[in-house]
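A structural walkthrough
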Amino acid sequence: MFQKWIDSSMKKSPWIFHINAGSCNGCDIELVSVLTPRYDAERFGFRLTGSPRQADIVVVSGPITMQSRERLVRTLAQVPEPFCVVSLGSCPRSGNVFKGSYAIDGPLEKWTHVDVSVGGCTPKPEAIIAALAQAAELLEKKRSRMHG
Amino acid sequence: MLPYFGEAIRNLFKKPATERFPGSAAPKAAECYRGRLSYDPTKCVNCGMCIRVCAPQCMTRTIREIDGETQEITFTFDMTSCTFCGMCADFCSQHSIVMTDDYMMVSSDPKDFLVTGSFQKKKPAAPKFTPEQLAAMKAAAEAKKKAAAEKQEEKV
């Protein structure tokens, strides 16, 4: 009964959860700068949340290292459906300069679906905002498909 | 106290510091920004220097034989694998690889991250003689020389 109303209000506040899967911190800094007053993604309702249970969009950065792999899978399993996965930078898609290393177990597609990916090493905040907006659109579509 | 009031009043009439990006056009990148690379296959000579210097090995080269004399060489640059260090552009002697300032690389389709280009290369003209023929000719010339030398000796 209230589902339509809930969906329309959730559309305006897609919350982000950020997973660092062995990133060099470059992408993480850029993602945080997206939420600062200069780029201000919060005017579109994006908000960084501390718990995967509250997340709508999961942002993953870094090649998937052996140490973080299990945590990544466990965290992604806790995110409620429907959710979008955004891969940040070159690392999650290919491993970047760590490609072929014994310490990484990528790419991210091996472990989850990737809805939107951002290229760049590191991507510019504008590109990240564009990716988040695209992910929010996809999320809306997924949600409407789920609830009919 | 007074200067602070001045600052406060000035701030009231200032434009907001927030970029209005998704509402307006994306701002231009800084000068010398290294974004998506562009590849011009007409200038490329297939020296393979870019493949050598690329740390994340983001390039693939495929060589397809068209007929006995022509090859089609295709370079594919994967932008999801690139570190944007610019080494390939620095080492490209023909300047066929150039880093552009396009940083908007956002897509759900992996194909959008590929930069490809292909060109055809003709093999150099085949030599007039085969190595066997050349060897035979060399042997014949030497035999002739030897014969001439012997003749000279006989005369003396």
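Refer to the preceding data block for the structure.
Here's a quick rundown of the structure. (Residues numbered from 1 in each chain as written. Chains lettered and ligands numbered in written order. Predicted model: local features only at pLDDT ≥ 70, side-chain atom pairs only at ≥ 80, totals over all residues. Heavy atoms only, no water.)

Bringing the interface of chain A and chain B into the picture now. If you look at the interface, chain A gives 28 residues, while chain B gives 26 residues. Of the roughly 2100 Å² buried at the junction of chain A and chain B (both faces included), carbon and sulfur atoms supply 54%. One can count one salt bridge joining chain A with chain B. Here chain A is connected to chain B by 13 residue pairs in polar contact (both at pLDDT 80 or more). Within the residue set of the side of chain A that touches chain B, elements represented by two or more residues are helix 4 (91-94), strand 5 (116-118) and helix 5 (125-146) of chain A. For the side of chain A that touches chain B, the element with the highest residue contribution is helix 5 of chain A, accounting for seven residues. (Contact = heavy atoms within 4.5 Å. Buried area = accessible area lost by both parts, 1.4 Å probe. Salt bridge = Lys/Arg side-chain N within 4 Å of Asp/Glu carboxyl O. Polar contact = N/O pair within 3.5 Å; in protein donor to acceptor, adjacent residues only side chain to side chain. Helix = DSSP H or I, 4+ residues; strand = E, 2+ residues; numbered from the N terminus.)

Our next topic: the pairing of strand 4 (residues 84-88) of chain A. All names here are of chain A. Summarising burial for strand 4: five of the five residues are buried, a large majority. Side chains Cys84, Val86 and Leu88 of strand 4 all project onto a buried face; the interleaved residues Val85 and Ser87 project onto the opposite face, where all are buried too. With five bridges joining them, strand 3 (residues 57-61) and strand 4 adopt parallel strand pairing. Pairing of Ile57 across the sheet is with Cys84, part of strand 4. Crossover connection from strand 3 via helix 3 (residues 66-77) to parallel strand 4: handedness right-handed. (Buried < 20%, exposed > 50% of the residue type's maximum accessible area, 1.4 Å probe, protein only. Pairing = 2+ DSSP bridges. Right-handed = clockwise from strand over helix to strand, strands pointing away.)

For the rest of this paragraph, the subject is the packing of aromatic side chains. Overall, the coordinates contain four aromatic pairs over all chains when judged by the stated rule. Seen from their ring centres, Tyr33 of chain B and Tyr103 of chain B are 6.1 Å apart, and the 80° between their planes marks the pair as edge-to-face. Here Tyr33 of chain B is found in the loop between helix 1 (2-12) and strand 1 (37-39), whereas its partner Tyr103 of chain B is found in the loop between strand 4 (97-99) and strand 5 (106-107), with 70 residues between them in sequence. Judged by relative accessible area, which is 23%, Tyr33 of chain B ranks as partly exposed. Ring pairing ties together the aromatic residues Tyr39, Phe75 and Phe77 of chain B, which thus form one cluster. Stacked on the ring of Trp15 of chain A, the Lys or Arg Arg47 of chain A has its end atom at 4.8 Å from the ring centre. Sitting over the ring of Tyr103 of chain B, Lys124 of chain A keeps its end group 5.2 Å from the ring centre. (Phe/Tyr/Trp six-rings, centres within 6.5 Å; stacked < 30°, edge-to-face > 60°. Lys NZ or Arg CZ within 6 Å of the ring centre and 35° of its normal.)

Our focus in this paragraph is the environment of Thr100 of chain B. All names here are of chain B. Within the secondary structure layout, Thr100 lies in the loop between strand 4 and strand 5. For the pair Thr100 and Ala140, spaced 40 residues apart in sequence, the C-alpha to C-alpha distance is 61 Å. The contact partners of Thr100, leaving out residues within four places of it in the chain, are Tyr33, Arg34, Gly35, Arg36, Leu37 and Ser38. A distance of 2.4 Å separates a polar atom in the side chain of Thr100 from the backbone oxygen of Arg36.

The subject of this paragraph is the state of the cysteines. Throughout the structure, instances matching the rule amount to zero disulfides over all chains. With no disulfide partner, Cys84 of chain A has as its closest neighbouring cysteine sulfur the one in Cys27 of chain A, 19 Å distant. Assessed through its relative accessible area of 0%, Cys84 of chain A is described here as buried. In this structure Cys47 of chain B is a free cysteine whose sulfur lies 6.3 Å from that of Cys50 of chain B, the closest cysteine sulfur available. Overall, Cys47 of chain B belongs to the exposed group, its relative accessible area being 53%. (Disulfide = S-S within 2.5 Å.)

Bringing the pairing of strand 3 (residues 70-78) of chain B into the picture now. Residue and element names in this part refer to chain B. With respect to burial, strand 3 is a largely interior element, eight of its nine residues being buried. With seven bridges connecting them, strand 2 (residues 59-65) and strand 3 associate as antiparallel partners. Bridge pairing in strand 3 links Arg64 to Glu72. The antiparallel hairpin formed by strand 2 and strand 3 contains four residues in its connecting segment.

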